[in-house]
Amino acid sequence: MIDLRRILATTAALLIALLAFPASAHLTPNSEIRLRFEPGALRADVLIPVAEYRYATGGSARLAELRDYLLTHTTAAAPDGRRWRTAIHHLRIQSAPGGPDILATVTYTPPAGAPDRQLTLAWDAVIRESHSHFALVSLESDLARGIGHGEDLLGSFTAGQRALVIDRGAAGQGDLLGGALRIGANHILAGHDHLLFLLALLLPAPLLAAAGRWNGVRPARETLTGLAWIVTAFTIGHSATLILAAAFDARLPTAPVEAAIALSVLVGAVHAIRPLFPGRERFIAFGFGLVHGLAFATVVAGFGAGAAARATAILGFNLGIEAVQLALVLLLLPALVIGSRTRWYAPVRVALGAFAALAALAWLVERVSGSENEVAAGFATVLPPLGVALVALSLALAAAKFINRSPVANATNRA
């Protein structure tokens, strides 16, 4: 019998230990410019060390002064020479161990009729006054090419090179749809917390609860119905907040959303071990799906300016997420339906639930404290091979059942 008090005491001790791991931060003395190509716009996330700015200009780093300074030190031009419109957003000063940084998002919008993926970008902030300074230019994302988060180096701005000619090629609606679909699929595949939450809710789906324990197996038809409800409810939940946030161009604070997602994984993991809300998994999936959708919304918030292009990109992104979720359920279906009728399902379920709970705690500590820790990084390393192992086991069960050699036993899955 599982001792929940012992589990809580152990996880509390781990929670305290995780707080000891230090954070990492930006320490470079030079500037960084990360480009995001979106339909109808180019956005640049800019970082300039305050010390470098003050040394070069003697400025006070007041926000109004900084805004004017940046606007006079960057331009973008179409191939025919016409200027793009430039605007500064989210300008702020952020503390860092290596000294405070100036952070800003610069939006470049092409003139009417000009291509939105071909331009000459000019930049000489700090470089004009301090010739030893430089700004690294990298590609952060390109929606039409399916790049959601990259670090490809495009070049650098220096005292002798203050302009870059950039040509990302033409892109139509089909490119946007396909690129957004790939970004959505990659986002959910890399989002271990999203997949672990879904797995935690799927684990007890084939089981019945009685007297505060998982005790007995559901008929196969009821199990399939329950799985369909869980996945559908989660889809409706995250799609609702994703679309609403995108429609209103919401920019949501990342830290509390990510912490809430870690909490959802923890709740789901405990439920996989001992029933907390038996028979109501679809409602929990919907509720926490709303939270997970807020995290997805941080991606789609930058899906361009035009309504048609934005709608196409959001559709593709959502289709990519759903494709991965559906594939996950189909691949794990044999393990859930067939495995739940074997004696080993209970210990495997408890082990996976405990694993998910510890991962959730590591993520929760990391996201609440704002400090990276090695335990959370370790779980991120272990999760991909674990997922492959679970899929392989599920397929092996399907094959064994097909040739009538599945070791089915009348186990009650008590834990």
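Keep in mind that this is a model prediction, so the values were computed, not measured.

Caption draft 1: The nonpolar core, seen in detail. With 66 residues, the main nonpolar core has L196, L202, I230, L242, F317 and W363 as its most contacted residues. For this core, the elements supplying multiple residues, two or more each, are α4 (173-190), α5 (192-202), α6 (220-247), α7 (254-273), α8 (281-300), α9 (307-337), α10 (345-369) and α11 (374-402). By residue number, the principal contributor to this core is α10, which donates 11 residues. What I230 contacts, discounting residues up to four positions off in sequence, is L198, L201, L202, A205, E281, R282 and A285. If you look at the next biggest cluster of nonpolar residues, it comprises 36 residues, including L66, I88, W123 and V126.

Caption draft 2: Inspection of the sheet that holds strand β9 (residues 163-167) at higher detail. An order of β3-β6-β9 is seen for the three strands of this open sheet, with the pairing classed as antiparallel. Both outer strands of the open sheet, β3 (74-77) and β9, are each paired with one neighbouring strand and no more. When strand polarity is set aside, the average angle formed by the axes of neighbouring strands in this sheet is 20°. Relative to strand β6 (residues 118-123), β3 runs antiparallel, the two being bridged by four bridges. Looking at the pairing, T74 lines up with W123 of β6.

Caption draft 3: Quick look at the environment of K401. By the secondary structure assignment, K401 is in helix α11. Given a relative accessible area of 42%, K401 falls into the partly exposed group. Counting along the chain gives 63 residues from K401 to I338, while the straight-line C-alpha distance between them is 7.9 Å.

Caption draft 4: Examining the packing of α10 against α11 more closely. Closest axis-to-axis distance for the α10/α11 pair is 10 Å, and the angle between their directions is 150°. Here α10 lies roughly antiparallel to α11, going by the angle between them. Of the two elements, α10 crosses α11, and the hand of that crossing is left-handed. When α10 is examined against α11, the residues L352, F355, L358, A359, A362, W363 and E366 are found in contact with a partner set consisting of V375, A376, F379, V382, L383, L386 and L390. Tallied by class, residues from the contact of α10 with α11 come to 13 nonpolar, no polar and one charged.

Caption draft 5: Looking closely at α11. Taking 1.5 Å of rise per residue, the 29 residues of α11 would be expected to cover 42 Å, and the 43 Å separating its terminal C-alpha atoms lies within 8% of that figure. Helix geometry: α11 is bent most strongly at L383, by close to 30°, with proline P384 lying one to four residues after it. Turning to α11, its buried residues number three or more, namely A376, F379, L383, L390, S394, L397 and A400.

Caption draft 6: Here's a closer look at the packing of aromatic side chains. Scanning all chains against the criterion turns up four aromatic pairs. With 5.7 Å between their ring centres and 80° between their planes, F197 and F288 make a pair best called edge-to-face. Within this pair, whereas F197 is found in helix α5, its partner F288 is found in helix α8, the two being separated by 91 residues in sequence. With a centroid separation of 5.1 Å and 75° between ring planes, the pair formed by F355 and F379 is classed as edge-to-face. Remark: F379 occurs in helix α11 and F355 occurs in helix α10; sequence separation between them is 24 residues. Members of the aromatic cluster, each reached through a chain of ring pairs, are F197, F234 and F288.

Rules behind the numbers
- Residues numbered from 1 in each chain as written.
- Predicted model: local features only at pLDDT ≥ 70, side-chain atom pairs only at ≥ 80, totals over all residues.
- Heavy atoms only, no water.
- Core = buried A, V, L, I, M, F, W, Y, C linked by side-chain atoms within 4.5 Å.
- Buried < 20%, exposed > 50% of the residue type's maximum accessible area, 1.4 Å probe, protein only.
- Helix = DSSP H or I, 4+ residues; strand = E, 2+ residues; numbered from the N terminus.
- Contact = heavy atoms within 4.5 Å.
- Pairing = 2+ DSSP bridges.
- Axes fitted to C-alpha atoms, helices over the stretch in contact; angles between N-to-C directions.
- Parallel < 35°, antiparallel > 145°, perpendicular 65-115°, else oblique.
- Left-handed = near helix turned anticlockwise from the far one by under 90°.
- Nonpolar A, V, L, I, M, F, W, Y, C, P; charged D, E, K, R; others polar.
- Expected span 1.5 Å × (residues − 1).
- Bend = angle between axes of the 7 residues up to and from the residue.
- Phe/Tyr/Trp six-rings, centres within 6.5 Å; stacked < 30°, edge-to-face > 60°.

The values are spatial; any link to function lies outside them.
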